[in-house]
Structure formats: structure tokens, C-alpha cells
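Each chain is listed here by its residues.
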Amino acid sequence: MKLVVVGFGQCGGRIADEFARLNARARSLRGFNIVTSALAVNTDIADLSGLHTIKSNYQHRIVIGSRKTGGHGVGKINELGAEIAREDADKVVETIRSSKHFAETDAFLLIAGAAGGTGSGAISVMTQQIKERYVDKPIYNLIVLPFEHEEATEDRTVYNVATCLKSSYLVADAIFLVDNQRYTMKDSPISANLARINSMIVQPFFNLLCAGEEKKSRYIGAKILDAGDIIQTLVGWTTLGYGRSPSSPPKSLSGRGRDFRHKATETQKGVQALDEAVSGLSIKCNPIDSKRALYLISAPAREINVDLIKELGTYIKNMAPEAIIRSGDYPREKGATDVTVILSEMSDVEKVRNYFTKAISLISDLKKRQAGLVNSQRGIDITIKDIPSLL
Ligand SMILES: Nc1nc2c(ncn2[C@@H]2O[C@H](COP(=O)(O)OP(=O)(O)OP(=O)(O)O)[C@@H](O)[C@H]2O)c(=O)[nH]1
Ligand SMILES: [Mg+2]
């Protein structure tokens, strides 16, 4: 599957940059593209300069709203981010259309941090505009939720997250929810930490996008997972995960022929990787709430067997009994056994629901406070009228 990836704001831009790196890896290791074009869009020129892999020309690093912001961002006001995106949408849509491999694109992936201003405001507006223009291609959002400490210190964070999530939900075909807090590791400097988190966020996409693009017969599984399966799976609130079990010893050490014990170990390894993928899902959720699921197993060809696939299928079915489950296998020559999982069309995600609840009470508090302010002004106005003016 091939994506056009567009990152908005600092967070979105950096993760789009990570997708550009993922594509470079696909080209060098597998010999094909999984990203037809990676773009970063921002109101902040300095943020765009900090990217590494996205091409540095103006067609790939797109500045919007410079007249309004002077190139310095929107300072967490996501309404302004949305307004600027509306005004400059044509610039982005036009760049996408003229990109070289656009015709091969299966879907769009738009990325932003929900708590900021530019990305949070722009992502839904741009999703809507791109959707109107390219009716036949699905548009997905990947939305990053803030760390806990950001929420504790700033009401605007909750407001931005809630408005961003609601607006995206109205227009995007599916939303990958990514909770920063799930990826934190203590005692790590923040910038290294963000880079590490970003690479963990994109990791599950590698085999997922590569599997359907393989042309060499030895890498084509018994059950290919292609763009059609992925598109059929992705609807509404979505989470994804990735797990990995270490490689087996080389064949010479495992003896001649295939011992039954090895087969059991292979199945165990697959289940272990699936366990890791599920416990590391990009947002905490209850799998029972998902209506669609997908898993992809990638392992050395000799380790993929019917029992393993069946075992994984049973695991997911027990976990998400109401979900339509799609699956695939992606044989490799060597390396670890890894599993990618997607749970989609979630009818509930506690964290998202909490944001909406918190934002509603925040808005009602704000209204009360504003009403109070208006009353007190009226009070002054009343007392002031008897004082002579010097003007
Ligand atoms: N995972 C991850 N999160 C990030 C990164 N950079 C920022 N964030 C998160 O994104 C949110 C802030 O959004 P930004 O992308 O910095 O904001 P922006 O869209 O540039 O908007 P303004 O700067 O207000 O114009 C916070 O919750 C950060 O924790 C990143 O590289 N990776
Ligand atoms: Mg910024």
C-alpha cells in the first residue's frame, strides 16, 4: 500500500519526516516505495528547518499563514491554525496533485499533534479539502494525544484536543489514535525521547505497507495482505500495535529436519509477538469495542505454518469477538517473528470520551466566568455614570 503522508505543525511534520525515513528503508531493503510523497506543512519556518528526510524544497516543506504569523506559529490557538489552513489549502492540494508518483497512491495519511495550534487546527480542515478534491481515495488521520503533564498545566490543551478530535472524526475515514504518554520512558532527555517515540509510532506501518507491494514470489505469503484489506479494516477510531520475538538460531543449529518442538516454539513466538503488540497498542482501549481487526505476521518462511496462523486468529477472535478479522502472512528470508495488529471501528475509547467530557465542563465554566465578567463591568458602568469626564 502506498500513502501520501502530510504532517501538520511540529509534531505532524516530525512524524511525516519519520515516514520519509521509513520509505527510504523500504527502498533500500525491499526495493520499492511505500510513500509516494511526504510533505510537512507549518506556520513555523524554524520547525520546518529542523526536519531531516523530507526534501527541503518549498514543494515539500510548505509554509502557510506567514502573513498572519510572521512565520512563528500560532501559539496554540487552534482556531487560527484552522483559519490559516482554510485560506492556504489550495497550496497543499496543488502540491499533492503535482507530485510525481501521485497516481500510484492508495490513500492519504494526515498527521498532527492534537494539543498544539497549527496541526490541531489544520488537520481536519485539510482532510475536508483533500476529500472534496480526491473523492476516490480514503483519507486517514494520525492524531497524537499529549503527555499527561501538558494537560495538568494548561486548560487550552484539553480544549484543543477535544475540538481537533471531534472535527477530524467528522471528516476522516479513520483516525489512528496515538497517546504520547504510552511511549514515555523516564530518565531520557526530551528531544531524544520524542525521536524515539516517533520511530515507535511509525514502526507498525513498515511491514503493513510493504506486504502488499512485494513482487518477488518468495516474499509473497499464502495470504497476502494488500491495500484492499487495510482499507476495508480502517473505519473511525483506530489503534495499532507492533510486537516482535527474537530470531531463531540458524538452521544448522536446529538440526536436520523439523522437530515437533520447533514447531511449537514457532507458534509460541508468534503468540508472544502478538501479546506484545496488543499490550503496546497506541492507545489504551478495550478490544471488545472494536468492530474490525487486522493482523499481519512476518517471519522467516520456514517458521510460518498453519497452526501459527490459526493460533493468532483464535487469540484475536477471543479478544475482539464482534470484530470482522482480516489477516495476512509476509514471509522473509531471515530475522525476527513480528506481528502488526490494528483494531478499528472502536465504539468507545475511554481517553477520547474523557477529553470530550472535560472540554464540555471547561466550556461551561468559561461561559460562567465570562458572564461574571460582563456583570462586573456593568457594575462599574453603573457607578461611573455620575463621575464627570475630562474629555
Ligand atoms: N510524539 C510526538 N509528539 C510531539 C512532537 N512534537 C510535539 N509533540 C506533541 O504535540 C503537541 C504540540 O503540538 P505541536 O505540533 O508542537 O504544535 P503545532 O502544531 O506546531 O502548533 P503551534 O506551535 O502552536 O503553532 C504536544 O502535545 C507535544 O507533546 C514529536 O516530535 N513527537
Ligand atoms: Mg509549532
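The model shown is predicted, which means the values in this text are computed figures rather than measured ones.

Q: Can you break down helix α12 (residues 306-319) residue by residue, with the values?
A: Its 14 residues place the ends of α12 20 Å apart at the C-alpha level, agreeing with the 20 Å of an ideal helix rising 1.5 Å per residue. Residues L308, L312, G313, I316 and M319 constitute the buried set of α12. One face of α12 carries all of its buried residues, which in axial projection span an arc of 130 degrees. The outward face of α12, more than 90 degrees from its buried face, is lined by the exposed residues V306, K310 and N318.

Q: Outline helix α4 (residues 78-97), listing residues and values.
A: Look at α4: 26 Å from first C-alpha to last across 20 residues, which is about the 28 Å you get at 1.5 Å a residue. Maximum bend of α4: about 60 degrees, positioned at D88. The set of residues buried in α4 consists of N78, G81, A82, I84, A85, D88, A89, V92, V93, T95 and I96.

Q: An account of the pairing of strand β4 (residues 107-113) is requested, with residue identities and associated values reported.
A: The side chains of a regular strand alternate, first on one face of the sheet and then on the other. Among the seven residues in β4, seven count as buried, and that is most of the element. The two faces of β4 match: A107, L109, I111 and G113 on one face and F108, L110 and A112 on the other face are all buried. Sheet topology note: the β4/strand β5 (residues 139-145) ladder contains six bridges and is parallel. What sits directly across from F108, in β5, is I139. Running through helix α5 (residues 118-133), the crossover from β4 to the neighbouring parallel element β5 is right-handed.

Q: Pulling in residues and values, what's your account of the nonpolar core?
A: Membership of the largest hydrophobic core comes to 65 residues, with the highest contact counts inside it found for I96, F108, L110, M126 and I130. Considering every element that reaches this core, the biggest residue donor is α4, with seven residues. Setting aside residues up to four positions removed in sequence, L110 forms contacts with V6, F8, I123, M126, T127, I130, I139, Y140, N141 and L142. Among the nonpolar cores identified, the runner-up in size contains 47 residues, and F19, F32, V144 and F206 belong to it.

Q: I'd like to hear about the pattern of salt bridges, residue by residue, with values.
A: Tallied over the full model, the rule gives 17 salt bridges. We note a salt bridge from K2 to E213, for which the minimum N-O separation is 2.9 Å. Remark: E213 occurs in the loop between α9 (205-211) and α10 (227-233) and K2 occurs in the segment before β1 (3-8); sequence separation between them is 211 residues. Accessibility classification places K2 together with E213 in one group, the buried group. Ionic pairing is found between D173 and K131, a salt bridge with its closest N-O pair at 3.3 Å. Of the two residues, D173 is situated in the loop between α7 (155-171) and β6 (174-179) and K131 in helix α5; the sequence distance between them amounts to 42 residues.

Q: Requested: an account of unusual backbone geometry, with residues and values cited.
A: Its identity is not glycine, yet K76 carries a phi of approximately 70 degrees, on the positive side. Structurally, K76 is set in the loop between α3 (66-69) and α4. Take K76: its relative accessible area is 29%, and that puts it in the partly exposed class. Of note, the phi angle at E345 is positive, near 50 degrees, even though the residue is not glycine. The residue E345 is located in strand β10 (residues 337-346) in this model. Assessed through its relative accessible area of 28%, E345 is described here as partly exposed.

Q: Could you give me a rundown of the packing of α4 against α5, with the residues and numbers involved?
A: Packed helices, taken two at a time, are described by the angle between their axes plus the distance between the axes. Remark: α4 packs on α5, axes separated minimally by 7 Å, with the N-to-C direction vectors making an angle of 40 degrees. Here α4 lies oblique to α5, going by the angle between them. In the packing of α4 onto α5, the handedness of the crossing is right-handed. Two secondary-structure elements touch here, α4 through N78, G81, A82, A85, R86, A89, V92, V93, E94, I96 and R97 and α5 through T118, S120, G121, A122, V125, M126, Q129, I130 and R133. When grouped by side-chain class, the residues that make up the contact of α4 with α5 number ten nonpolar, six polar and four charged.

Q: So, the packing of aromatic side chains: which residues are in play, and what are the values?
A: Scanning the model with the defined rule gives seven aromatic pairs in all. Note on Y169 and W237: the rings are 4.5 Å apart at their centroids and 5 degrees apart in plane angle, and the pair reads as stacked. Remark: W237 occurs in strand β7 (residues 236-245) and Y169 occurs in helix α7; sequence separation between them is 68 residues. With a relative accessible area of 9%, W237 lands in the buried category. A centroid spacing of 5.3 Å and a plane angle of 75 degrees characterise the contact between F176 and F205, whose relative ring orientation is edge-to-face. Of the two residues, F176 sits in strand β6 while F205 sits in helix α9, which places them 29 residues apart along the sequence. Considered together, F176 and F205 belong to a single accessibility category, that of buried residues. An aromatic cluster is present here, built from F19, Y140, F176 and F205 joined pairwise through their rings.

Rules and cut-offs
Residues numbered from 1 in each chain as written. Chains lettered and ligands numbered in written order. Predicted model: local features only at pLDDT ≥ 70, side-chain atom pairs only at ≥ 80, totals over all residues. Heavy atoms only, no water. Helix = DSSP H or I, 4+ residues; strand = E, 2+ residues; numbered from the N terminus. Expected span 1.5 Å × (residues − 1). Buried < 20%, exposed > 50% of the residue type's maximum accessible area, 1.4 Å probe, protein only. Arc of directions from axis to C-beta. Bend = angle between axes of the 7 residues up to and from the residue. Pairing = 2+ DSSP bridges. Right-handed = clockwise from strand over helix to strand, strands pointing away. Core = buried A, V, L, I, M, F, W, Y, C linked by side-chain atoms within 4.5 Å. Contact = heavy atoms within 4.5 Å. Salt bridge = Lys/Arg side-chain N within 4 Å of Asp/Glu carboxyl O. Axes fitted to C-alpha atoms, helices over the stretch in contact; angles between N-to-C directions. Parallel < 35°, antiparallel > 145°, perpendicular 65-115°, else oblique. Left-handed = near helix turned anticlockwise from the far one by under 90°. Nonpolar A, V, L, I, M, F, W, Y, C, P; charged D, E, K, R; others polar. Phe/Tyr/Trp six-rings, centres within 6.5 Å; stacked < 30°, edge-to-face > 60°.

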